[in-house]
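Understanding the architecture of this molecule
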Amino acid sequence: MTSCSSSSALLSPSHSLLPQIHTRSSLFLGGTYPFNFNKTQQGKLILLATLSFCTRNSNVETPNNLVHSSNETINTKPFRDKQVLGHEDNGVEQRNTEQPLRVIDSVAVEQIQRLENYGGGFTNLQDFNNLLMGLVKEGETDYAVKMFDEMSLHSLVPDSRTYSVMIRCYCKKNEAEKAKGVLDEMVKNGFHPNVVTMTILINSFCRRGKLKKAVEVFDIMGKIGCEPTVQTYNCLINGLCYVGRVEEAYELLMKIKKSPKKPDIYTYTAVMDGYCKVGRSDEAMELLEDALAEGLKPNVVTFNTLFNGYCKEGRAIEGINLLDKMKERNCAPDYISYSTLLHGLLKWNEVEAALRVYKEMLEIGIEVSERMINTFLRVICRRSWTDQKLLIDAEQVFERIQESGLIPYPNTYCMVIQTLSIGGEAEKALASLHKMMKLGYRPRLITFNAVIRALCKKGKIDEGFLVLVLMVIGNIRANKLSYNLLIDEFNRVGRLVDACKVYGVALKRGVVPNREPIALLEE
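Just so it is clear, the structure is predicted and the values come from calculations on it, not from any experiment.

Rules and cut-offs
Residues numbered from 1 in each chain as written. Predicted model: local features only at pLDDT ≥ 70, side-chain atom pairs only at ≥ 80, totals over all residues. Heavy atoms only, no water. Helix = DSSP H or I, 4+ residues; strand = E, 2+ residues; numbered from the N terminus. Contact = heavy atoms within 4.5 Å. Areas by Shrake-Rupley, 256 points an atom, 1.4 Å probe, with all protein chains shown as cover. Phe/Tyr/Trp six-rings, centres within 6.5 Å; stacked < 30°, edge-to-face > 60°. Salt bridge = Lys/Arg side-chain N within 4 Å of Asp/Glu carboxyl O. Buried < 20%, exposed > 50% of the residue type's maximum accessible area, 1.4 Å probe, protein only. Axes fitted to C-alpha atoms, helices over the stretch in contact; angles between N-to-C directions. Parallel < 35°, antiparallel > 145°, perpendicular 65-115°, else oblique. Nonpolar A, V, L, I, M, F, W, Y, C, P; charged D, E, K, R; others polar. Core = buried A, V, L, I, M, F, W, Y, C linked by side-chain atoms within 4.5 Å. Expected span 1.5 Å × (residues − 1). Polar contact = N/O pair within 3.5 Å; in protein donor to acceptor, adjacent residues only side chain to side chain. pLDDT = per-residue confidence, 0-100. Arc of directions from axis to C-beta.

Structural notes on the overall build of the protein
Along the backbone of the protein there are 28 helices and 3 strands. Long-range contacts, defined as pairs at least 24 residues apart, comprise 64% of the intrachain contacts of the protein with a sequence gap of at least 6. With the model as given, the accessible surface of the protein reaches about 25,000 Å², and the carbon-plus-sulfur share is 51%.

Structure below.
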């Protein structure tokens, strides 16, 4: 990226920090008349629009307003939520997705004129802080750091808000140590950050297992008279659980419970998550009951924590009752709830319960992932070999995969073909074998033999022989069993010449069958 030594360079339209938009996009000044800006104009106007946008939407002049004006909240959910919910979690800040700026109003025009009059520089610290905050919110942290480092070029001195924004910036960059350095400098210069900024930094350390550093920041809060919130404690509890200190997390929960602040559902969920990770799901369930007694409403993350715990402990079947309890509480299970439970049930071979969960997912419109449904199908297939009634379910799931536009994995295809063969569905097995080979998959030898056996049992010996031909064409080396099956069946129906042909083919391909044609035996 091109470096810059002043705000003029930052305003350069060629600078890579500027958002890329179409040059034909129309912007409206004051909402009265359109302008189509070319590339030489768009960069400066976009940046100034961002500045105006931050000014109009932040109304932030002191760090005390940050908690209300920045549209950011502290994420106090368990660290595992990033995996459970399946979304990206940028530290403790949950950034609202702002609507695209479509209008530059009179405020933007005024700021454009002011910056032009001063050669593209910053005339006051408020403008500087607004743009700094805008860059951090949009993830342009490297440029925010560069701006902060070059403040002296604009004859600006950081204030409380500047420091607070930079603490957030470094936390977003996963550089909590540097954020701590900014905090130390901030306090040294007589500024006191608000509880939101302190909580962000504490959480940044906790998420990396640096609990000692998090406690140092917490101690600073006490020294400067910054009262921690429940969210602050939640971050510490998350940190304790992250490093396996679950008992201490529980003790902290009990301490908060006795305080005027009172724990929220995230506090309970964090400790529950800690218990589940160390195989103590029963204690996690007790905490859920405690939370309910306190009048708290568990959310989907709370229940997902228990699903994960039960499945890890091999008690996935208990998740069925939990699923029912969840719905009784008017808490709708999500994709993660069902997927976690389904995976656990399959892992511990609870096929019937897994079928119930699978069908319920389809009823409410939740699709099973490609990998999961392939695993699910293979498990059903294996069970159907001893439980014939599951063959229909296996066929339905197989059809569902194909109707959904998915392609079964090669090992799934082989398993389905073997299952159809064992279940007496020889014709369907043969059709699936042909389809599999057309897709470019290479069936296993055991799959071919299963089809040959099924066709022979059905009296379709000629089709069985054609399967052997398919193997020869596909350069798949048949074994003794392949030839034995055909020779036995040809002998049984009295087609001795054909039995001899199969025997001869085997010998030519270097295989000596255990079975011989009756004609040879009679000789």
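Having seen it, we continue.
Observations concerning the packing of aromatic side chains
Throughout the structure, instances matching the rule amount to 7 aromatic pairs. Seen in terms of ring centroids, Tyr-250 and Tyr-275 are 6.3 Å apart; in terms of plane orientation they differ by 55 degrees. Their pairing is tilted. Here Tyr-250, found in helix 13 (residues 246-257), pairs with Tyr-275, found in helix 14 (residues 265-277); they are 25 residues apart in sequence, far enough to count as distant. With a centroid separation of 4.7 Å and an interplanar angle of 45 degrees, the aromatic rings of Tyr-358 and Phe-376 are classed as tilted. With Tyr-358 in helix 19 (residues 351-363) and Phe-376 in helix 20 (residues 370-384), this pair connects stretches of sequence that are 18 residues apart.

Brief notes about the pattern of salt bridges
In total, this model carries 32 salt bridges according to the counting rule given. Between Arg-245 and Glu-248 there is a salt bridge, with its nearest N and O atoms 2.8 Å apart. The partly exposed category is assigned to Arg-245, whose relative accessible area is 35%. You can call Glu-248 partly exposed: its relative accessible area is 36%. One salt-bridge network, in which partners are shared between bridges, spans Asp-142, Lys-173, Glu-175 and Lys-178.

Notes on the packing of helix 17 (residues 318-328) against helix 19
Running from N to C, helix 17 and helix 19 cross one another at 30 degrees; their axes reach a closest spacing of 11 Å. The orientation of helix 17 with respect to helix 19, classified from their angle, is roughly parallel. Within the contact between the two elements, helix 17 uses Ile-320, Leu-323, Asp-324 and Lys-327 and helix 19 uses Ala-353, Arg-356, Val-357 and Glu-360. Per-class residue counts for the contact of helix 17 with helix 19 are 4 nonpolar, no polar and 4 charged.

A look at the nonpolar core
Among the nonpolar cores identified, the biggest contains 138 residues, and Leu-201, Ile-237, Leu-342 and Phe-376 are the most heavily contacted of them. Among all residues touching Phe-376, those that are not within four sequence positions of it are Leu-342, Leu-346, Ala-354, Leu-355, Tyr-358 and Val-397.

Considerations on helix 18 (residues 335-347)
Along an α-helix, residues three or four apart share an orientation, since each turn contains 3.6 residues. If you check helix 18, its first and last C-alpha atoms are 18 Å apart, about what 13 residues at 1.5 Å a residue would give, namely 18 Å. For helix 18, the buried fraction is high: 10 of the 13 residues fall into the buried class. Among the residues of helix 18, the N-terminal cap falls to Asp-334, whose side-chain oxygen and the backbone nitrogen of Ile-336 are separated by 3.1 Å. At the exit of helix 18 stands Asn-349, carrying a positive phi of roughly 65 degrees.

Digging into the environment of His-434
Along the polypeptide, His-434 turns up in helix 23 (residues 426-438). A residue is classified by how much of its surface remains accessible, and His-434, at 36% relative accessible area, is partly exposed. Residues His-434 and Val-467, 33 residues apart in the sequence, show an inter-C-alpha distance of 9.4 Å.

Quick notes on the confidence of the model for the protein
Detailed reading of the predicted coordinates is not advisable wherever pLDDT is low. Looking at the protein, pLDDT values average 80 and 76% of them are 70 or higher. In the model, residues 48-109 has pLDDT below 50 throughout and makes 136 contacts with residues more than four positions away in sequence or in other chains. When the criterion is pLDDT under 50, residues 115-119 qualifies, and its contacts beyond four places in sequence or with other chains add up to 8 contacts.

Looking at the packing of helix 12 (residues 230-242) against helix 14
Between helix 12 and helix 14, the least distance of the axes is 9 Å, while the angle of their chain directions is 5 degrees. One element, helix 12, and the other, helix 14, form an angle in the roughly parallel class. Residues Val-230, Asn-234, Ile-237, Asn-238 and Cys-241 of helix 12 pack against Tyr-266, Thr-267, Ala-270, Val-271 and Gly-274 of helix 14. Looking at side-chain class alone, the contact of helix 12 with helix 14 contains 6 nonpolar, 4 polar and no charged residues.

Regarding helix 17
Taken together, the buried positions of helix 17 are occupied by Gly-319, Ile-320, Leu-322, Leu-323 and Met-326. In a view along the axis of helix 17, the buried residues occupy a sector of 160 degrees, so they form one face of it. Summarising the geometry of helix 17, the exposed residues directed more than 90 degrees from the buried face are Asn-321 and Glu-328. On its buried side, helix 17 packs onto helix 15 (281-293), helix 16 (300-312), helix 18 and helix 19.

Quick word on the side chain of Asn-491
Tracing the chain through its elements places Asn-491 in helix 26 (residues 480-492). When neighbours within four sequence positions are excluded, Asn-491 is seen to be in contact with Leu-496, Ala-499, Glu-516, Pro-517 and Ile-518.

What to know about unusual backbone geometry
For Ser-155, which is not glycine, the phi torsion reads 60 degrees and is therefore positive. According to the relative accessible area criterion, Ser-155 is exposed, its value standing at 68%. Even without glycine at this site, Asn-174 takes up a positive phi of about 60 degrees. Structurally, Asn-174 can be placed in the loop between helix 8 (160-172) and helix 9 (176-188). Judged by relative accessible area, which is 51%, Asn-174 ranks as exposed.

Digging into the environment of Lys-435
Here Lys-435 is to be found in helix 23. Setting aside chain neighbours within four positions, we find Lys-435 in contact with Gln-402 and Tyr-413. Polar contacts involving the side chain of Lys-435 include one to the side chain of Gln-402, which spans 2.8 Å.

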